[in-house]
Amino acid sequence: MTGLTRPYWIEARLERREGWDDAAYPFNLAAVRTTHSLAFHPNVTFLVGENGSGKSTLIEALAVAWGFNPEGGGREHRFGTRDSHSPLHRFIRPVRSTERPQDGFFLRAESFFTVASYLEDAGANRYGARPLHEQSHGESFFALFDNRFVGDGLYILDEPEAALSPNRQLSFLAKMHELVLARSQLVIATHSPIILGYPNAWIYQVSEHGLDRIAYEDTDHFQVTRNFLTRRDRMLEILLEE
């Protein structure tokens, strides 16, 4: 098996039309205000950035613009507990390939409990032998990845590492590669330097300066983690001094 050479989702175009207000959230976020289009890698595209930079707002809008439920799930899932997503999705126009994905899922770490409850109540049976709520948080995440993500799909994930130990993050890297080889495209917002290490991916940094493609080694996630692991005593001395 080989991965896609042309993405299902080629590009997201941000269209400034009636209702767009540069002074109001989320349009005042630098990554939104200065971006006119966002191109995607055929296999894996990452969004990284500090807390509050807008990466989760952006990935949520991308997922809803593609047709996913704002709180997560597959395109067939329609439920809601609180209408809290921004209007940004209404200004995003997906540029799609002529080849359409056969599967897809939007995972939001912060609303996974709600999604798991909905799936159990709906009698969904594509998530393994054990109910998701009868597993630990990390186990249920991995049950979702192993059983629901089958390939030939577009998968949009917001902080999938939230419930995963470092070992499980390594296992998730292997699962990502299986999905890539099974002709899947993934768009992921993450803080994990382990997950970010997936080879040949595109990494976009979301910051107060806008949205920029950067190399893995130039991300704060890599540099801070490397510096802490190689100079732990000195960093702790600086951080903990009175």
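See the structure printed just above.
*Asks:* Please provide a residue-by-residue account of the packing of aromatic side chains, values included.
*Replies:* This model, assessed by the stated rule, comprises ten aromatic pairs. The interplanar angle of 15 degrees and the centroid separation of 4.5 Å between the aromatic rings of Phe149 and Tyr155 together place this pair among those described as stacked. With respect to class, Phe149 is no different from Tyr155; both count as buried. Members of the aromatic cluster, joined through ring pairs, are Phe105, Phe145, Phe149, Tyr155 and Phe172. If you follow Arg96 out to its NZ or CZ, it ends over the ring of Trp66, 4.2 Å from the centre.

*Asks:* Now, about the nonpolar core: what can you tell me, with residues and values included?
*Replies:* Ranked by size, the top nonpolar core spans 30 residues in total, and within it Trp9, Leu47, Leu62, Leu88, Ile92 and Ile156 carry the most contacts. Those elements giving two or more residues to this core turn out to be strand S1 (9–14), helix H1 (30–33), helix H2 (55–66), strand S6 (153–158), strand S7 (185–189) and strand S8 (202–207). The dominant element in this core, judged by the number of residues it contributes, is H2, at seven residues. Discounting chain neighbours no more than four positions away, the residues touching Trp9 are Phe40, Leu62, Trp66, Ile92, Pro94, Val95, Leu154, Ile156 and Gln185. One finds Tyr155, Leu164, Leu179 and Ala201 within the second-largest nonpolar core, a separate group that totals 26 residues.

*Asks:* Can you tell me about helix H5 (residues 166–181), naming the residues and giving the values?
*Replies:* In a regular helix each residue adds 1.5 Å, so 16 residues correspond to 22 Å; H5 covers 23 Å between its end C-alpha atoms and thus fits that length. Taken together, the buried positions of H5 are Gln169, Phe172, Leu173, Lys175, Met176, Leu179 and Val180. Of the residues trailing H5, Arg183 is marked for its positive phi of about 60 degrees.

*Asks:* Break down the pattern of salt bridges for me, with residues and values.
*Replies:* Summed over the entire model, instances satisfying the criterion amount to ten salt bridges. Note that Arg13 is salt-bridged to Glu11, the shortest N-O span being 3.1 Å. Of the charged contacts in the structure, one is a salt bridge between Arg108 and Glu60, with a shortest N-O distance of 2.8 Å. Of the two residues, Arg108 is situated in strand S5 (residues 103–108) and Glu60 in helix H2; the sequence distance between them amounts to 48 residues. Of the two residues examined, Arg108 and Glu60, each falls in the buried class. Connected via shared salt-bridge partners are Glu15, Arg17 and Arg93.

Conventions used here
Residues numbered from 1 in each chain as written. Predicted model: local features only at pLDDT ≥ 70, side-chain atom pairs only at ≥ 80, totals over all residues. Heavy atoms only, no water. Phe/Tyr/Trp six-rings, centres within 6.5 Å; stacked < 30°, edge-to-face > 60°. Buried < 20%, exposed > 50% of the residue type's maximum accessible area, 1.4 Å probe, protein only. Lys NZ or Arg CZ within 6 Å of the ring centre and 35° of its normal. Core = buried A, V, L, I, M, F, W, Y, C linked by side-chain atoms within 4.5 Å. Helix = DSSP H or I, 4+ residues; strand = E, 2+ residues; numbered from the N terminus. Contact = heavy atoms within 4.5 Å. Expected span 1.5 Å × (residues − 1). Salt bridge = Lys/Arg side-chain N within 4 Å of Asp/Glu carboxyl O.

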